[in-house]
Amino acid sequence: MPGFLTRRAAGAALVLLVGTAVTACSDDDSPSSTVSKAASAVQSAASEVASAASQIPESLASATAEAGEKLDDITGGTNVKGDVRLDAPRTDSSGKATVVVNADNTAGSTKSFAVQVNFTDSGGNLLDTVVVTVADVASGETGEATATSNRDLSGPVKTEVARAVRY
């Protein structure tokens, strides 16, 4: 039970951190600074989820829920799953799966993307999920980032864009 409470507390703190960092914006912040802060908050939150998920495998469902909540907390975001493509996944030397995330900015100004990537086995079973930020993509351009699984994944790994938010 203490592990469950620790995970729940960490999850709640994570959601609070991301929500605060992503929505915080003063009149003194430039748009680029605000985007950088939001990207940093999403990456930091993803690292926290990764750390918790790699220690306790049954927390995968919780990590997935928390990733969804992080994306829900982005204010002024637009769902753009169709504007995001994934390259073929690879396994790096440490055993973690990686995939290049490509985000097309169809908006009229520079935008960033928060993308939830699911790693699955050949049967479609969820193995891991991560959120990656593709920051500061100019209008009409394609930005790129790399999503890396939180844990070592063995066997054939497939990837899918679970959600994508442009902000």
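Residues numbered from 1 in each chain as written. Predicted model: local features only at pLDDT ≥ 70, side-chain atom pairs only at ≥ 80, totals over all residues. Heavy atoms only, no water.

Quick notes on the pattern of salt bridges
Move 1: Counting across every chain of the model gives 4 salt bridges.
Move 2: Two residues, Asp-72 and Arg-163, come together in a salt bridge whose shortest N-O distance is 2.8 Å. Here Asp-72, found in helix H3 (residues 60–72), pairs with Arg-163, found in strand E8 (residues 158–166); they are 91 residues apart in sequence, far enough to count as distant.
Move 3: Assessed through its relative accessible area of 53%, Asp-72 is described here as exposed.
Move 4: Taking the relative accessible area as the measure of exposure, Arg-163 reaches 24% and is therefore partly exposed.
Move 5: Between Asp-128 and Arg-151 there is a salt bridge whose closest N-O contact spans 3.4 Å. Taken together, the residues Asp-128 in strand E6 (residues 126–137) and Arg-151 in strand E7 (residues 142–152) connect sequence positions 23 residues apart. (Salt bridge = Lys/Arg side-chain N within 4 Å of Asp/Glu carboxyl O. Helix = DSSP H or I, 4+ residues; strand = E, 2+ residues; numbered from the N terminus. Buried < 20%, exposed > 50% of the residue type's maximum accessible area, 1.4 Å probe, protein only.)

As for the sheet that holds E6
Move 1: One open sheet holds the 4 strands; their spatial order is E1-E8-E5-E6, and the pairing between them is antiparallel. Pairing within the sheet leaves two strands with one partner each, and these edge strands are strand E1 (78–79) and E6.
Move 2: Examined bridge by bridge, strand E5 (residues 111–120) and E8 share 8 bridges and lie antiparallel to one another. If you follow Asn-118 over to E8, its bridge partner there is Glu-160.
Move 3: This element, H3, spans E5, E6 and E8 of the sheet and lies at about 20° to E6. (Pairing = 2+ DSSP bridges. Contact = heavy atoms within 4.5 Å. Axes fitted to C-alpha atoms, helices over the stretch in contact; angles between N-to-C directions.)

Structural notes on the nonpolar core
Move 1: In this structure, Val-101, Val-115, Val-117, Phe-119 and Ala-147 are the most contacted members of the largest nonpolar core, which totals 20 residues.
Move 2: Among the elements of the structure, strand E4 (96–104), E5, E6, E7 and E8 are those that each provide at least two residues to this core.
Move 3: Once you skip the residues sitting within four places of it in the chain, Val-117 turns out to touch Leu-86, Val-99, Val-101, Asp-128, Thr-129, Val-130, Ala-147, Thr-159 and Glu-160. (Core = buried A, V, L, I, M, F, W, Y, C linked by side-chain atoms within 4.5 Å.)

Some details on the pairing of E5
Move 1: Most of E5 sits out of view: 9 of its 10 residues are buried.
Move 2: Examined bridge by bridge, E5 and E6 share 9 bridges and lie antiparallel to one another. In the sheet register, Phe-119 faces E6, and the bridge partner there is Asp-128.
Move 3: Counting the residues in the hairpin turn of E5 and E6 gives 5 residues, including Gly-124, whose phi is positive at 85°.

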